[in-house]
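Spelled out from the first residue to the last, the chains are:
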Amino acid sequence: MLVIAFAASLIPSVALYLWLRGIKGDDQGYRAACRRALILGFLAVIPIVGFGIVFTVTGNLLGVSKLGEVPAETYKTFTVIVLSEELVKFLALRKLLKEHPDGRSWLDVTVLMSIIGLGFGLIEDIPYGLSTNAGQMLIRGITMGHVGYGYLMGRLYGKSLKTGNRAWAVLGFVLPYLMHGFYDFGLQEEIDVAFNGNFGVLTVLLAVVDLILAISLIIHVRKARKNPTYTSPLPGFERAVVEDAADPTPAAL
């Protein structure tokens, strides 16, 4: 039963990835960027573990555990776990845009960041699948939390690149970071007991928001792919496309 539930929980993410990869038809450059985004999402677990170790050692040196159960759990959740994950995913996007810069648009940035989150979420589902029940696995598979965080981060970071206003990039990191942090915070038994279950309720509400964000991603992509505001190359990302168009001889050779 658990194996079937785990396999079923992967279907929404796999289907979403295939759809996002196909929105530009046979554009091989875009498809390659999508594949790379998925791989970077898978591989994100490695630097996340590294950052987690660094933050854990830092917390021990600062004596966080001596401050009490709630402060220690707060530091662990918001720094060791969530900050590590969101920081690595954001850096993965930056790396991806350097590897695949040609003609990248605001929509591309939104989609690629969502796929990075999707890839990491799939990898993260494996240990969760070994330690939870079928119902929780299915809910996690449907809500796709990391997809929603990626959608927010990618769309706002893309707006920052589009407008040149770095405040959007900051908001694009802080907003999903806080949502992710409070979601995980409410899952901790110690926190749930200390706050009489209030944070548990917040976690449920945030899970609903995750689902809404995943649906919003689909709606946004369907509309934005027909809008030049979102599909035209971002400032600084059009150069390679122009150079290729100006000199087609390599392709002919």
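Cut-offs and rules
- Just so you know, the residues in each chain are numbered from 1, in the order the chain's sequence is written.
- For this predicted model, a pLDDT threshold of at least 70 governs which residues receive local features, and a threshold of 80 or more governs which side-chain atom pairs are given and counted, while totals over whole chains, interfaces and linings are taken from all residues.
- The basis for the side-chain values is all heavy atoms of the structure; hydrogens and waters are excluded.
- Residues belong to one nonpolar core when they are buried, are Ala, Val, Leu, Ile, Met, Phe, Trp, Tyr or Cys, and are joined through side-chain atoms within 4.5 Å.
- To sort residues, take the accessible area from a 1.4 Å probe on protein chains only and compare it with the maximum for the residue type: under 20% means buried, over 50% means exposed, and anything in between is partly exposed.
- Segments assigned H or I by DSSP are reported as helices when at least four residues long, segments assigned E as strands when at least two residues long, and all are numbered from the N terminus.
- By definition, residues are in contact when any of their heavy atoms lie within 4.5 Å.
- Within 6.5 Å between ring centres, the rings of Phe, Tyr and Trp (the latter by its six-membered ring) count as paired, and their orientation is classed by plane angle as stacked under 30 degrees, edge-to-face over 60, tilted in between.
- For a Lys NZ or an Arg CZ to count as sitting over a ring, it must be within 6 Å of the ring centre and within 35 degrees of the ring normal.
- A side-chain nitrogen of Lys or Arg and a carboxyl oxygen of Asp or Glu constitute a salt bridge if their distance falls within 4 Å.
- Each cavity reported here is a set of points on a 1 Å grid over the protein atoms alone in which a 1.4 Å probe fits but cannot get out, each pocket an open set with protein on both sides within 12 Å along at least five of seven lines, and each lining residue one with an atom within 4 Å of a point.
- Grid points are joined across faces, edges and corners, and a volume is the space filled by probe spheres set on the points.
- Gly is put with the polar residues, along with every residue not named as nonpolar or charged; the nonpolar set is Ala, Val, Leu, Ile, Met, Phe, Trp, Tyr, Cys and Pro, and the charged set is Asp, Glu, Lys and Arg.

> Would you take a moment to explain the nonpolar core for this structure?
Side chains of a nonpolar character, in soluble globular proteins, are inclined to be buried together. Within the largest apolar cluster, 50 residues are counted, with the highest numbers of intra-cluster contacts made by Leu-93, Val-111 and Ile-115. Looking at this core, the elements that each hand over two or more residues are helix H1 (2-21), helix H2 (28-43), helix H4 (69-99), helix H5 (106-131), helix H7 (145-163), helix H8 (166-187) and helix H10 (198-224). Considering every element that reaches this core, the biggest residue donor is H5, with 10 residues. When residues no more than four places from it in sequence are discounted, the contact partners of Ile-115 are Tyr-17, Leu-20, Cys-34, Ala-37 and Leu-38.

> Mind showing me how you'd approach the packing of aromatic side chains here?
In this description, a pair of aromatic rings is defined by centroid distance and the angle of the planes. For the structure on display, the rule yields eight aromatic pairs. Centroid distance Phe-90 to Tyr-157: 5.2 Å. Interplanar angle 85°. Geometry classified as edge-to-face. Here Phe-90 is found in helix H4, whereas its partner Tyr-157 is found in helix H7, with 67 residues between them in sequence. Note on accessibility: Phe-90 and Tyr-157 belong to one class, buried. Relative to Phe-173, the ring of Phe-90 lies with its centre 6.2 Å away and its plane at 75°, an arrangement referred to as edge-to-face. Separated by 83 residues along the polypeptide, Phe-90 in helix H4 and Phe-173 in helix H8 bring together distant segments of the chain. The two residues Phe-90 and Phe-173 agree in class, both being buried. We note Lys-159 situated over the ring of Trp-168; from NZ or CZ to the ring centre the distance is 3.9 Å.

> Where do I start with helix H6 (residues 134-143) in this structure?
Residues spaced three or four apart along an α-helix point in a common direction, a consequence of the helix completing one turn every 3.6 residues. Among the residues making up H6, those that are buried are Ala-134, Met-137, Arg-140, Gly-141 and Thr-143. Looking one or two places after H6, you find Met-144, whose phi comes out positive at around 50°.

> Help me understand the pattern of salt bridges, please; the structure alone is not making it clear to me.
Two side chains carrying opposite charge are able to pair once their charged atoms lie near each other. Enumeration over the complete set of coordinates arrives at seven salt bridges. Among the ionic pairs, Lys-89 bridges to Glu-86, the shortest N-O distance being 3.0 Å. One end of the pair, Lys-89, and the other, Glu-86, are both in helix H4, three residues apart, so they sit about a helical turn from each other. Lys-89 sits in the buried class, given a relative accessible area of 1%. For the salt bridge of Arg-104 with Asp-108, the shortest nitrogen-to-oxygen distance reads 3.0 Å. Looking at Asp-108, the relative accessible area reads 0%, which means it is buried. Through salt bridges with shared partners, a single network forms among Lys-24, Arg-104 and Asp-108.

> Please clarify how empty space enclosed by the protein should be interpreted in this entry.
For the structure shown, the criterion picks out two cavities of 30 Å³ or more. Volume-wise, the largest cavity comes out at about 210 Å³. Considering the residues around the largest cavity, the lining is formed by 21 residues, among which Glu-124, Arg-140, Met-144, Gly-145 and His-146 are closest to the centre. Ranked by the residues each element gives to the lining of the largest cavity, the list is headed by H5, at seven residues. Residue classes in the lining of the largest cavity are distributed as seven nonpolar, nine polar and five charged.

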